[in-house]
Amino acid sequence: MRLLLRPLLFSGAAPPARPNDAAEKAAILKVVADMEAAWNRSDFTGYMAGFWNPGVTFVSGGKIQDGWQGTLDHYVRDYGGSPDRRGTLHFYDIRIDILAPDAALHISHYNLARPERSQEGINTRLFRKVGGRWVIAMYHVSSYDPAAPAAKAPATNLCPSWT
């Protein structure tokens, strides 16, 4: 029986959707919407309500923040003080894959509009269901300058035998 299942496990096919996947995705989208709203009213503690406390792993700018409190300190230090510094945050192109009853992968773009140095980027979040609610257990942010020209792909063929 194990030999019969092996091709299914490694075929690359997505697992079938479970009946409550839509409800779980909606619950995760609500967490994200609540976080966005909290950020936009300068409520960093409310924004952090979407993160697993104290165990979140947050990666940004080549640094790993120190758990929940370190992540909050980062936001207050780098974005607090004034609405212009904080900016207006918006998440879009959101994709959610339910990996297990207690785990989901969330990938989206974000835009942080500010008078100086707006940001655009992609974030990857591992959501876990803890105590009956979805929270971010791992958050990786990759930002880029929206005004920078797009990089061109190299013209060389790295694998000449594949042509």
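Everything numeric here is computed off the predicted structure, so don't read it as measured data.

About the criteria used
- Residues numbered from 1 in each chain as written.
- Predicted model: local features only at pLDDT ≥ 70, side-chain atom pairs only at ≥ 80, totals over all residues.
- Heavy atoms only, no water.
- Core = buried A, V, L, I, M, F, W, Y, C linked by side-chain atoms within 4.5 Å.
- Buried < 20%, exposed > 50% of the residue type's maximum accessible area, 1.4 Å probe, protein only.
- Helix = DSSP H or I, 4+ residues; strand = E, 2+ residues; numbered from the N terminus.
- Contact = heavy atoms within 4.5 Å.
- Polar contact = N/O pair within 3.5 Å; in protein donor to acceptor, adjacent residues only side chain to side chain.
- Expected span 1.5 Å × (residues − 1).

**Q** Give me the lowdown on the nonpolar core, citing residues and values where you can.
**A** Within the largest apolar cluster, 28 residues are counted, with the highest numbers of intra-cluster contacts made by W39, Y47, F51, Y75, F127 and Y139. Residue assignment for this core shows that the elements contributing at least two residues are α2 (21-40), α3 (44-48), α4 (67-79), β3 (88-100), β4 (103-113) and β6 (133-144). The element contributing the most residues to this core is α2, with six residues. For F51, the residues in contact, after removing those within four places along its chain, are M35, V56, F58, W68, Y75, R133, V135, I136 and Y139.

**Q** Break down the side chain of E24 for me, citing the residues and quoting the values.
**A** Relative to the helices and strands, E24 resides in helix α2. The exposure class of E24 is buried, given its relative accessible area of 12%. Excluding residues within four positions of it along the chain, E24 makes contact with I98, K129 and W134.

**Q** How would you sum up the environment of W134? Please name residues and give values.
**A** Summarising the element assignment, W134 is placed in strand β6. Each C-alpha atom of the pair W134 and E24 lies 8.6 Å from the other, and the pair is 110 residues apart in sequence. Among all residues touching W134, those that are not within four sequence positions of it are E24, A27, I28, V31, A100, P101, D102, A103, A104, F127, R128 and K129. Within the structure, the side chain of W134 is placed 2.7 Å from the side chain of E24, a separation counted as a polar contact.

**Q** Which residues make up α4, and what are the values?
**A** The periodicity of an α-helix, 3.6 residues per turn, causes residues three or four places apart in sequence to face the same way. Over its 13 residues, α4 runs 18 Å from end to end, which matches the ideal 18 Å to within 8%, given 1.5 Å per residue. Among the residues making up α4, those that are buried are G67, W68, G70, T71, L72, H74, Y75 and Y79. Of the residues trailing α4, G81 is marked for its positive phi of about 110 degrees.

**Q** Can you tell me about the environment of W39, naming the residues and giving the values?
**A** Here W39 lies in helix α2. Beyond its immediate chain neighbours, meaning those up to four positions away, W39 contacts F44, Y47, Y75, Y79, R86, G87, L89 and L112.

**Q** Pulling in residues and values, what's your account of unusual backbone geometry?
**A** Cis rather than trans, the peptide bond between N53 and P54 has omega equal to 15 degrees. Locating P54 in the fold gives a position in the loop between α3 and β1 (57-60). Residue D93 is not a glycine yet carries a positive backbone phi of 50 degrees. Residues other than glycine seldom take positive phi values, yet R117 does so here, at roughly 55 degrees. Counting through the fold element by element, R117 comes out in the loop between β4 and β5 (119-130). Residue R117 is classed as exposed on the basis of its relative accessible area, which comes to 61%.

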